[in-house]
Every structure is written in structure tokens, then in C-alpha cells.
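# Remarks on the overall topology
One-letter residues, chain by chain:
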Amino acid sequence: MKNLLEIEHLSTHFTTEEGTVRAVDNISLRIRSGETVCIVGESGCGKSITALSVMGLIEEPSGKVVEGSIHFGDKDLLKLGKNELRAIRGNEIAMIFQEPMSSLNPVITIGEQIIEPLMVHMNMGKREAQKQAIRLIEQVGISRAEQIARSYPHELSGGMLQRIMIAIAISCNPKLLIADEPTTALDVTIQAQILDMLRKFKQESGMSILLITHDLGVVAEMADYVIVMYSGKIVEEGEVVELFSNPKHPYTRGLLKSKPIINQRQDELYSIPGQVPNPLELESSCYFHDRCDNCMAICRTDEPALKEITIHQKVACWLYEEGALHVHS
Ligand code: SF4
Ligand code: MG
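Being a predicted model, the structure only gives us computed values, none of them experimental.

## Topic: the pairing of strand E7 (residues 176-180)
In terms of residue burial, E7 counts as a mostly covered element, since five of its five residues are buried. Side chains Leu176, Ile178 and Asp180 of E7 all project onto a buried face; the interleaved residues Leu177 and Ala179 project onto the opposite face, where all are buried too. Here strand E6 (residues 93-96) runs beside E7; their pairing, made up of four bridges, is parallel. Along E7, the bridge assignment pairs Ile93 with Leu176. Bridge count for E7 against strand E8 (residues 208-213) is five bridges, and the pairing is parallel. The partner of Leu177 across the bridge, within E8, is Ile209. Taking the sense of rotation as the criterion, the β-α-β connection linking E7, helix H7 (residues 188-205) and E8 turns out right-handed.

Here it is in C-alpha cells:
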């Protein structure tokens with residue numbers, strides 16, 4: 001399979017009055033055609049900032065991609081002008097967020113909001129776009145499509161709105177769908193339906209998905225490949241089966257051990273003791289050391305690099321450095 005998206009050494013920083021926050025710190029990842037890659041981690045670990053960097057939606061001047069490249073096909077997205085990027089966004093790359101309301105215009109009908117991108121990106125005339133909008137609404141499992149098309153966002157439930165967002169996202173046959181916590185605000189039944197639908201569209205269209213989630217249940221359902229982020233860095237990555245059956249990084253192990261409680265929101269989910277470190281106070285160390293049961297002296301002073309330990313898995317942890325391996329694994 002060919003790489004569709006290739007992120008190399010991406011760093012995205014934010015300038016605050018207190019100092020610089022390295023929200024994303026030198027990460028590299030690849031997504032092949034037809035593949036689903038999940039980025040998992042607690043809130044504030046850099047998952048969403050990674051997605052926003054790909055979409056060119058980091059708000060300058062406080063935020064800035066300071067290093068790296070993001071190749072989509074043969075284009076480096078970081079080198080494109082605003083207009084070129086806008087042409088790709090919502091067309092070849094589509095995005096859905098946790099809160100559909102934040103992407104929908106409250107005073108424009110659902111139908112109009114589906115029609116607009118069809119006319120802009122797919123060169124459809126109004127009539128054709130209207131028909132296609134109805135088909136798309138039906139495709140995402142909503143009955144009474146015509147009535148729904150005449151509704152305003154506030155008249156629909158959260159689950160319905162997320163279906164509409166998916167309809168808009170798939171309307172232009174994107175090659176890549178970036179979904180940032182798309183089911184986090186929904187109850188479990190609706191969540192399962194939405195994930196099923198995404199899987200189905202992926203199979204039918206061959207699109208790739210970059211799925212951002214804190215929920216390992218979602219990862220298990222959806223991912224081919226998993227990237228675990230902590231404090232702006234990738235601490236472990238691998239094929240989904242490998243990562244779940246043989247997690248290496250103490251953080252990944254902690255995530256897998258902590259049991260999600262159904263219907264609870266993100267911040268309450270994990271039971272790994274301690275908190276993500278203050279991003280302004282990061283010194284050279286393993287950023288997880290305060291919370292790690294395996295912490296050694298070197299972990300407090302030196303940062304472990306992300307290294308391949310099997311062909312399917314990479315980890316950034318001193319436990320797996322040469323010489324330490326036989327003692328700890
Ligand atoms: Fe724990 Fe050290 Fe590994 Fe960090 S490098 S996860 S502190 S053992
Ligand atoms: Mg987020």
C-alpha cells in the first residue's frame with residue numbers, strides 16, 4: 001500500500017505569556033491508502049493539534065508549525081498557499097469534530113449546508129446538488145430526508161447532527177477523513193452506529209481515516225495502526241493487534257488497564273495516577289516519569305528516543321534500551 005499522508009518531524013508550538021508550549025513535538029507518522037490510523041492519549045497530549053496542523057488550521061500567530069513536513073500525495077501541505085489548502089480541505093481531506101454544532105451554521109438549513117460544498121467542490125448545479133444532498137442524508141441512515149434537509153441544526157439531536165457532518169464529509173469522496181473524537185459526545189448505542197457507518201464508508205470508498213480518540217474501545221473497533229501520544233510526543237506505536245496484546249510503554253499499559261466507564265466523559269476516564277505534566281515546565285526527561293512505576297534514574301534526566309523494537313512496534317522508553325531489555329521484559 002502506498003502512503004497517502006506522510007508527516008515527518010512535525011512540531012507545533014504555542015506562544016503564551018508564560019512561555020512556549022510544545023503541543024506537538026517532533027512526531028512522524030504515515031497513513032496508507034485505505035488504512036485507519038488511530039491517535040490515542042489523554043486530553044492535552046497533542047492529538048487534536050496534530051490534526052489541526054494537517055488541516056492548516058493552527059491559529060497564528062500564537063500557534064505555529066515550527067518544523068517538519070506533511071506530504072499528502074506529492075504535495076507538502078505546509079508549503080501550500082491558503083487557497084490551495086482550502087481547495088484540498090473539505091474535498092480531498094475532510095474533517096469531523098466532536099461537536100458538530102461548532103462546524104454547522106445555526107441559521108442555515110441542513111440541506112443548504114450539504115449543498116454548498118457539492119456546488120463548490122464537485123461543480124454540481126443547484127438542482128443536482130439538492131438531489132445529491134437528499135441521497136447523502138439517506139445514506140447516513142436518516143429517514144424523512146427531505147424534512148431533515150429543511151431543518152435547522154438546533155432542531156436535530158447530537159447523533160443526527162454527527163450523521164449530517166459525516167454526510168458533508170463524504171459528499172466529496174475524500175481520500176482522507178480526519179475524525180477528532182467523533183463519537184465522544186454520543187451515547188454508546190449511537191456511537192456504535194456511527195462507527196459502523198464510518199467503517200462501511202471506508203470499505204466502500206477505500207478512503208483512509210485518521211481517527212483521534214481517548215477511547216481504547218473505539219481504537220479496538222476501528223484501528224489498523226495505533227499511535228499513542230503523551231505530552232506532545234509519540235511514546236508507542238504499532239499494529240493494533242500487537243499493541244493491544246503486547247503493549248510495551250508503561251503509559252500504554254496503564255491506558256489498557258484502566259477500565260472505561262460507559263457514558264463518562266473524557267477527563268474522568270483514566271485511572272492512571274497523576275496528571276499530564278505542565279507543558280511549560282518540561283525538562284529533559286521521560287515526560288511520564290512522575291507517573292511511572294518503572295521509573296529509573298536515567299528517566300528523570302534523559303529523554304528516551306522512539307525506537308523500533310519489533311517490525312510492528314516502536315516505543316520510547318528506557319526499559320527497552322540495549323542492555324536494559326533482558327532485565328525488564
Ligand atoms: Fe517509565 Fe522510564 Fe520508561 Fe519513562 S522511560 S516510561 S519513566 S521506565
Ligand atoms: Mg482533543
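## A short note on the sheet that holds strand E2 (residues 19-32)
Within the open sheet, the four strands sit side by side as E2-E1-E4-E5. Their pairing is antiparallel. Of all strands in the sheet, those bounded by a partner on one side alone are E2 and strand E5 (75-76). Of the strand pairs in this sheet, strand E1 (residues 3-16) and E2 are connected by 10 bridges, and their pairing is antiparallel. Counted as the bridge partner of Leu10 is Ile27 from E2. In this fold helix H1 (residues 47-55) packs onto E1, E2 and strand E4 (63-72), with an angle of close to 70° to the strand it touches most, E2.

## Details of the site of ligand 1
Around ligand 1 there are 14 residues in total, and Cys286, His289, Cys292, Cys299 and Cys317 lie nearest to it. By residue class, the composition of the shell around ligand 1 is 11 nonpolar, three polar and no charged.

## Quick look at helix H6 (residues 158-170)
With 13 residues, H6 should cover 18 Å at 1.5 Å per step; its first-to-last C-alpha distance of 18 Å lies within 8% of that length. The element H6 is largely enclosed, with a buried count of 12 among its 13 residues. The set of residues buried in H6 consists of Gly159, Met160, Leu161, Gln162, Arg163, Ile164, Met165, Ile166, Ala167, Ile168, Ala169 and Ile170. The secondary structure elements touched by the buried residues of H6 are E6, helix H3 (110-121), helix H4 (126-139), E7 and H7.

Reading the values: the criteria
Residues numbered from 1 in each chain as written. Chains lettered and ligands numbered in written order. Predicted model: local features only at pLDDT ≥ 70, side-chain atom pairs only at ≥ 80, totals over all residues. Buried ≥ 20, exposed ≤ 12 C-beta atoms within 10 Å, placed from the backbone. Helix = DSSP H or I, 4+ residues; strand = E, 2+ residues; numbered from the N terminus. Pairing = 2+ DSSP bridges. Right-handed = clockwise from strand over helix to strand, strands pointing away. Contact = placed C-beta atoms within 7 Å. Axes fitted to C-alpha atoms, helices over the stretch in contact; angles between N-to-C directions. Near = placed C-beta within 6 Å. Nonpolar A, V, L, I, M, F, W, Y, C, P; charged D, E, K, R; others polar. Expected span 1.5 Å × (residues − 1).

By themselves, these are just geometric observations and shouldn't be taken as functional.
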